[in-house]
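Commentary on secondary and tertiary structure
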Amino acid sequence: RGTYTIVVYGGGGLSYFTGRAGTLPDAPVDIHKLNRIGTFRLMWHPDHMLRVGLESGWVHFYSYQTEGSGIKGEVNVTAVPLLFVASMPVRKRFNAFAGVGSYLVTSKLDYNGVVRNTVHGLGWMFAASYIQPLSKRLGINTELKWLNVSGTKDASLSLQLHLVWRALSW
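In this text, all values refer to a predicted model and were calculated from it rather than measured experimentally.

This part is about unusual backbone geometry. Positive phi values are uncommon outside glycine, yet Arg93 reaches one of about 75°. Summarising the element assignment, Arg93 is placed in the loop between strand S5 (71-91) and strand S6 (94-110). On the basis of relative accessibility, which here comes to 35%, the residue Arg93 falls in the partly exposed class. At Asn112, a position not held by glycine, the phi torsion is positive, near 55°. Structurally, Asn112 can be placed in the loop between S6 and strand S7 (114-133). When its relative accessible area of 66% is taken as the criterion, Asn112 is described as exposed.

Nonpolar side chains collect at one region of the surface, where Phe126, Leu144, Trp146, Leu157 and Leu159 lie side by side and expose about 500 Å² of accessible area between them. Of all elements in the fold, only strand S8 (138-149) and strand S9 (154-169) reach the threshold of two or more residues within the nonpolar patch. With respect to the helices and strands, Trp146 occurs in strand S8. Relative accessible area serves as the criterion here: at 38%, Trp146 is assigned to the partly exposed category.

A few words on the environment of Ala98. Along the chain, the position of Ala98 falls in strand S6. For Ala98, a relative accessible area of 32% translates into the label partly exposed. The spacing of Ala98 and Val75 is 23 residues in sequence and 30 Å in space, taken between C-alpha atoms.

Taken as a whole and assessed by the stated rule, the structure comprises nine aromatic pairs. Judged by centre distance (5.9 Å) and plane angle (90°), the ring pair of Tyr9 and Phe97 falls under edge-to-face. Of the two residues, Tyr9 sits in strand S1 (residues 5-17) while Phe97 sits in strand S6, which places them 88 residues apart along the sequence. A relative accessible area of 1% means that Tyr9 is categorised as buried. On the numbers, 4.7 Å between centres and 45° between planes, the contact of Phe17 with Tyr62 is tilted. Remark: Tyr62 occurs in strand S4 (residues 51-68) and Phe17 occurs in strand S1; sequence separation between them is 45 residues. Each of the two residues, Phe17 as well as Tyr62, counts as buried.

All right, on to the environment of Tyr4 then. Tracing the backbone shows Tyr4 in the segment before S1. Overall, Tyr4 belongs to the buried group, its relative accessible area being 17%. Along the sequence, Tyr4 and His45 sit 41 residues apart, while their C-alpha atoms lie 5.7 Å from each other.

Turning our eyes to something else, we now look at the pattern of salt bridges. Following the criterion strictly, the structure yields four salt bridges and no others. Salt-bridge contacts for Glu143 lead to Arg41; the nearest nitrogen and oxygen are separated by 2.8 Å. Remark: Arg41 occurs in strand S3 (residues 34-45) and Glu143 occurs in strand S8; sequence separation between them is 102 residues. Classification of Arg41 as buried rests on a relative accessible area of 0%. Residue Lys145 pairs with Glu143 through a salt bridge whose shortest N-O separation is 3.4 Å.

Reading the values: rules and limits
- Residues numbered from 1 in each chain as written.
- Predicted model: local features only at pLDDT ≥ 70, side-chain atom pairs only at ≥ 80, totals over all residues.
- Heavy atoms only, no water.
- Helix = DSSP H or I, 4+ residues; strand = E, 2+ residues; numbered from the N terminus.
- Buried < 20%, exposed > 50% of the residue type's maximum accessible area, 1.4 Å probe, protein only.
- Patch = residues over 30% accessible without salt bridge, like charges linked within 9 Å, V, L, I, M, F, W, Y side chains within 5 Å.
- Areas by Shrake-Rupley, 256 points an atom, 1.4 Å probe, with all protein chains shown as cover.
- Salt bridge = Lys/Arg side-chain N within 4 Å of Asp/Glu carboxyl O.
- Phe/Tyr/Trp six-rings, centres within 6.5 Å; stacked < 30°, edge-to-face > 60°.

Right under this line is the structure:
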């Protein structure tokens with residue numbers, strides 16, 4: 001029997017929207033695809049290679065401005081994932097992650113009033129990371145992540161920086 005550890009990841013970075021934005025046909029809009037993302041992950045590292053945990057956070061998929069009848073409007077699409085995550089070390093300090101679960105996707109239209117629509121969508125996530133230890137309990141994690149919401153066809157590729165904390169070991 002080896003050591004069991006609870007590891008907490010937290011941080012953020014930039015995401016690039018890779019899906020298809022929901023715009024009106026033939027509407028001239030400038031879609032902002034580079035946005036912010038934040039992640040919080042709680043992982044259990046048992047005494048073998050397969051690690052499991054939960055991940056949540058916030059991702060801003062895309063936004064754009066529109067104008068009609070002299071009124072300016074803005075659309076923002078964001079999501080909060082709740083994913084079951086499994087990971088494995090690939091090499092020393094390199095890890096691979098895969099997750100499945102639900103995304104709470106919110107579309108907000110601010111055009112002569114505010115309209116919000118929120119839907120649940122099933123989706124997944126893949127990530128690869130490199131951890132640089134700072135001390136025995138702390139590290140910095142650089143992570144490349146791809147998020148995909150299947151139902152709404154929203155997806156993003158992100159580069160993030162996380163603080164990694166070995167919260168508990170037994």
